[in-house]
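Structural features, examined
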Amino acid sequence: MGGAEVMAFLTHLAVDRNVAPSTQNQAKSALLFLYRVVLQFDLPWMDEIVAAKEKRRLPVVLTHGEVRSLLHELSGTMGLVAALLYGTGMRLLEGLRLRVKDVGFERRELIVRSGKGGKDRVTVLPENLLLPLRDHLVRVKTLHGRDLADGLGEVWMPHALAQKYPSESRAWGWQWVFPSAKVSADPRTGQVMRHHLNEASVQKAVTVAARRAGIDKPCSPHVLRHSFATHMLQAGYDIRTVQELLGHADVKTTMVYTHVLNRGGRGVRSPLDQI
């Protein structure tokens, strides 16, 4: 098949199948990779493809009461992770990839490394989590000490730092804040080390907790990020501050949260309420 057939298929996805834009783009990228890299055949630029229309959707946001009920159903490490995601606005993987050295207790801040777009940023460390997080790190340090005694204790290092500073991979500051309960072999090197918590475990824990709390909305760890942004705006913080805490490159991305607020020019009362 050539360019005409590929264009017809991608147009079919948008027109007949009515797929999401991300689904069509994924199919397009896969086909381009197949033809250019595997088959070594360069397809013509596919300008004639009918692009799937962007569907504008509002984020799912929990109320303060729902967040309280959800966190009440979680305990231990999972409860701490969920509270940290809601209290900081971090994405799930950003929270799980936190290193000990990036937790600033005195300044009450967290440094998020290599977030979306490869950017670093600083976000707030909730005061209510200072003591629970300190206690958690005491237990993590004990676990790290046992790993060192067993000849382990290494973690994955970014940007080839493992070769540049080979001893740093065992240093306490580079350890994961939320390490996995088990050690495993790194699929890239075969080296046995302790990875961070699996994101699927946190997602399952939050989903089950939401069900126990009687929350009917679709609930995932990312909903806690949406709730953080909305509740910050409700508390009166300006949108640029919220944008920086979330790590959005464009303030237009943050503005989606203004649509779920009952404030400002859109915070009107229905005439029916005045009868």
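In short, a report on the structure.

Reading guide: rules and limits
- Position numbers for residues start from 1 in each chain and track the written sequence from start to end.
- Given that this is a predicted model, residues contribute local features only at a pLDDT of at least 70 and side-chain atom pairs are listed and counted only at 80 or more, while totals for whole chains, interfaces and linings are drawn from all residues.
- Think of the side-chain values as coming from all heavy atoms in the structure, minus any hydrogens and water.
- Pairing of aromatic rings covers Phe, Tyr and the six-membered ring of Trp, with a centre-to-centre limit of 6.5 Å; geometry is then stacked below 30 degrees between planes, edge-to-face above 60, and tilted otherwise.
- We call a charge positioned above a ring when the Lys NZ or Arg CZ atom is no farther than 6 Å from the ring centre and deviates by at most 35 degrees from the ring normal.
- Whenever a helix is involved, its axis is fitted only over the stretch in contact; in every case the axis is a line through C-alpha atoms, and angles between N-to-C directions fall within 0 to 180 degrees.
- Comment: elements are numbered from the N terminus, with helices defined as DSSP H or I runs of at least four residues and strands as E runs of at least two.
- Roughly parallel refers to an angle under 35 degrees, roughly antiparallel to one over 145, roughly perpendicular to one between 65 and 115, and oblique to any angle outside these ranges.
- By the definition used in this description, the sense in which the near helix is turned from the far one sets the handedness, with an anticlockwise turn below a right angle giving left-handed and a clockwise turn giving right-handed.
- Whether two residues touch is decided by their heavy atoms; if any such pair falls within 4.5 Å, the residues are in contact.
- Gly is placed with the polar residues, together with every amino acid not listed as nonpolar (Ala, Val, Leu, Ile, Met, Phe, Trp, Tyr, Cys and Pro) or charged (Asp, Glu, Lys and Arg).
- For two strands to count as paired, DSSP must find a minimum of two bridges between them.
- Between Lys or Arg on one side and Asp or Glu on the other, a salt bridge is scored when a side-chain nitrogen of the former is within 4 Å of a carboxyl oxygen of the latter.
- Exposure categories follow from relative accessible area, calculated using a 1.4 Å probe and restricted to protein chains: below 20% of the type maximum is buried, above 50% is exposed, and the middle band is partly exposed.
- Any helix carries an expected span of 1.5 Å times its number of residues minus one.
- Here the arc refers to the directions that run from the helix axis out to each C-beta atom.

1. Description of the packing of aromatic side chains
The tally for this structure, following the rule as stated, stands at zero aromatic pairs. A cation over an aromatic ring shows up here: Lys101 above the ring of Trp174, its NZ or CZ 4.5 Å from the ring centre.

2. Some remarks on the packing of helix H3 (residues 64-72) against helix H9 (residues 221-234)
Two elements in contact, H3 and H9, have axes separated by 11 Å at closest approach and are oriented at 140 degrees. For the element pair H3 / H9, the angle class is oblique. At the point where H3 passes H9, the crossing takes the left-handed sense. Residues His64, Val67 and Leu70 of H3 form the contact with H9, whose own contacting residues are Leu224, Ser227, His231 and Gln234. Residue composition of the contact of H3 with H9, grouped by class: three nonpolar, four polar and no charged.

3. Considerations on the sheet that holds strand S3 (residues 121-124)
Taken in spatial order, the three strands of this open sheet run S1-S2-S3, and their pairing is antiparallel. The sheet terminates laterally at strand S1 (103-104) and S3, the two strands that pair on one side only. Here S1 runs beside strand S2 (residues 109-112); their pairing, made up of two bridges, is antiparallel. Looking at S2, one finds that Val103 is bridged to Leu110.

4. A few points about the pattern of salt bridges
Summed over the entire model, instances satisfying the criterion amount to 10 salt bridges. Linking Asp102 and Lys101 is a salt bridge whose minimum nitrogen-to-oxygen distance equals 3.2 Å. By relative accessible area, which is 3% here, Asp102 ends up buried. A salt bridge links Arg113 to Asp102; the nearest nitrogen and oxygen atoms lie 3.1 Å apart. You can see Arg113 sitting in the loop between S2 and S3 and its partner Asp102 sitting in the loop between helix H5 (92-96) and S1, a full 11 residues away along the chain.

5. Digging into the packing of helix H1 (residues 3-15) against helix H2 (residues 21-38)
For any two helices packed against each other, one specifies the crossing angle of their axes together with the interaxial distance. Remark: H1 packs on H2, axes separated minimally by 10 Å, with the N-to-C direction vectors making an angle of 165 degrees. Judged on the interaxial angle alone, H2 and H1 are roughly antiparallel. The way H1 lies across H2 gives a crossing that is right-handed. Contacts between H1 and H2 pair Val6, Phe9, Leu10, Leu13 and Ala14 from the former with Gln24, Ala27, Lys28, Leu31 and Tyr35 from the latter. Class assignment for the residues of the contact of H1 with H2 results in eight nonpolar, one polar and one charged.

6. So, helix H8 (residues 199-212)
The end-to-end C-alpha distance of H8 is 20 Å, a good match for the 20 Å that 14 residues give at a rise of 1.5 Å each. Regarding H8, the residues found buried are Val202, Ala205, Val206, Ala209 and Ala210. Viewed along the axis of H8, the buried residues span an arc of 130 degrees, placing them on a single side of the element. Along H8, exposed side chains directed more than 90 degrees from the buried face belong to Lys204 and Arg211.

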